[in-house]
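Remarks on the overall topology
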Amino acid sequence: MAPVRTHKSPDIDRHVTTMIEALGLTKVFGELTAVDNLTFTVSPGEIYGLLGPNGSGKSTTMRMLLGLLRPTSGTARVAGHDILTEMVQAKRVMGYVPEEPVLPERLTGWEYVNYVSDIWRIPRGPERNQEIEELMTLLDIFDASDDLIETYSKGMARKLSLVAALIHKPRVLILDEVQAGIDPRGAATIKEILNGLRERGATILMSTHVLEIAERMCNRIGIIKEGGLIAEGTMEQLRQRAAGQSSLEEIFLTLTGGPDMQLIAKFLEDVNRE
Ligand SMILES: Nc1ncnc2c1ncn2[C@@H]1O[C@H](COP(=O)(O)OP(=O)(O)O)[C@@H](O)[C@H]1O
Ligand SMILES: [Mg+2]
C-alpha cells in the first residue's frame, strides 16, 4: 500500500475535530423531501457509510456536501468550512467519485487524469507522472492508460474516476456506490486503498445499498430511510438494535434480499416438502 499518500496539513487538522458535519441538511424536490433534516458527523480518519435502499437520499446528500446541489435548508461543514459560505475552500479538500461517472470518452485514461491534474494545478513533470502511474497501476488500469475511455468497462471507468479523485490528495473522499460494477478483485483492491488512505488520515464518506459492503468497509454506518437517519453505529451495534425495531428490521430485510427472497425461500421449502 505504499503509493497512496494523502496531503496532511497539521495546521488545519489541529483545529478540526469533525471532518464532515451535516447540520440539518434538507433537500426538497417539488412535493418530495429527498433529504430530511439530516445531521451526522464524520471524524478524521473514519470510513463512514451511508447505508439505505435506492431512493433514500444518499446521492442527494453527497451532492449537497459537494456543492453540486443547494440545500433547501440546513448546511454542513467540511474540514471546518461551511458549504454555503466557504465552498471554494471546502471543494479543495474533497475528492468525489460519482455514482455514474461521466468521463470524456474521446480521451485516453492517461490524458484524462492529466487533464484533472492540470485543473488542480499540480505541476507537470516526472513526479506527477509517477504519481499517476502508481495510482493507475494500483487499480490495475495502467495497461489501459493509452486506450480511449470509450473502450473501458464500467468498472474500469469507475477506477479511473477514483484515480482522478485521488490525484490532489484530498483529505475528504466522497464515494457514491463506488463498488458497483467492480469485480471482487477490484473491490478488494479498493477496500485496501481506502484503508490505506484512512491510515494516512483521510476521511471517507461512502454510500451503498449493499449491507455486506457497508459491513466490510465501514467503521461506522448511518442507516438512511426516506431522507432521514434512523440509526447510527457500528455494524455490530446496528444488528443488535435491528432485532427489536420494525423499521430497522425492514431495512435490513430490504438490503439483504428483501421479502421476495423470503417468499422464494418459503416456496422452495414447500416444494421440497411435497
Ligand atoms: N434532481 C432531482 N429532481 C427530482 N427528484 C430527485 C432528484 N434527484 C433525486 N431525486 C429523488 O430524490 C430521492 C432520493 O434520491 P437519491 O438521493 O438519488 O437516492 P439514493 O442515492 O439513496 O438512491 C429519490 O426519490 C429521487 O427520485
Ligand atoms: Mg444514489
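What comes next concerns the included structure.

Quick notes on the overall build of the chain
Summing up its helical and strand segments, the chain has 11 helices and 10 strands in all. Within the span of the chain, comprising 274 residues, buried residues form 36% of the whole. Sequence separation of at least 24 residues holds for 71% of the intrachain contacts in the chain that already meet a minimum separation of 6.

Quick look at the site of ligand 1
If you check the shell around ligand 1, you find Phe29, Leu32, Ala34, Gly52, Asn54, Gly55, Ser56, Gly57, Lys58, Ser59 and Thr60 and nothing else. Those elements that provide at least two residues to the shell around ligand 1 are strand 2 (32-42) and helix 2 (58-65). The element that contributes the greatest number of residues to the shell around ligand 1 is helix 2, accounting for 3 residues. A per-class count over the shell around ligand 1 returns 3 nonpolar, 7 polar and 1 charged.

Observations concerning the sheet that holds strand 1 (residues 20-29)
If you trace the 4 strands from one edge of the open sheet to the other, you get 2-1-4-5, paired in antiparallel fashion. For this open sheet the edge positions go to strand 2 and strand 5 (81-82), each flanked by a neighbour on one side alone. Where strand 1 and strand 2 come together, 7 bridges link them in antiparallel fashion. In the strand pairing of strand 2, Val28 is matched with Thr33. Its contacts with the sheet place helix 2 against strand 1, strand 2 and strand 4 (73-78), and it is angled at close to 115° to strand 1.

A short note on the sheet that holds strand 9 (residues 220-225)
Spatially, 6-7-8-3-9-10 is the arrangement adopted by the 6 strands of the open sheet, whose pairing is mixed. Only two strands of the sheet have a single neighbouring strand rather than two, namely strand 6 (94-97) and strand 10 (228-233). Here the strands of the sheet are splayed against their neighbours by 15° on average, with no regard to which way each runs. Sheet topology note: the strand 3 (residues 47-51)/strand 8 (residues 203-208) ladder contains 5 bridges and is parallel.

Let's talk about the nonpolar core
Looking at soluble globular proteins, one finds that nonpolar side chains tend to be buried together. Residues Ile20, Leu65, Val78, Val163, Val172, Ile174 and Ile204 are the most contacted members of the largest nonpolar core, which totals 67 residues. Among the elements that take part in this core, helix 6 (residues 154-166) stands out by supplying 8 residues, more than any other. The residues touching Leu65, leaving out its near neighbours within four places in the chain, are Ile20, Ala76, Val78, Ile83 and Ile174.

Re the environment of Met206
Residue position: Met206 is located in strand 8. According to the C-beta neighbour criterion, Met206 is buried, with 26 such atoms within 10 Å.

About the cut-offs
- Residues numbered from 1 in each chain as written.
- Chains lettered and ligands numbered in written order.
- Predicted model: local features only at pLDDT ≥ 70, side-chain atom pairs only at ≥ 80, totals over all residues.
- Helix = DSSP H or I, 4+ residues; strand = E, 2+ residues; numbered from the N terminus.
- Buried ≥ 20, exposed ≤ 12 C-beta atoms within 10 Å, placed from the backbone.
- Contact = placed C-beta atoms within 7 Å.
- Near = placed C-beta within 6 Å.
- Nonpolar A, V, L, I, M, F, W, Y, C, P; charged D, E, K, R; others polar.
- Pairing = 2+ DSSP bridges.
- Axes fitted to C-alpha atoms, helices over the stretch in contact; angles between N-to-C directions.
- Core = buried A, V, L, I, M, F, W, Y, C linked by C-beta atoms within 7 Å.

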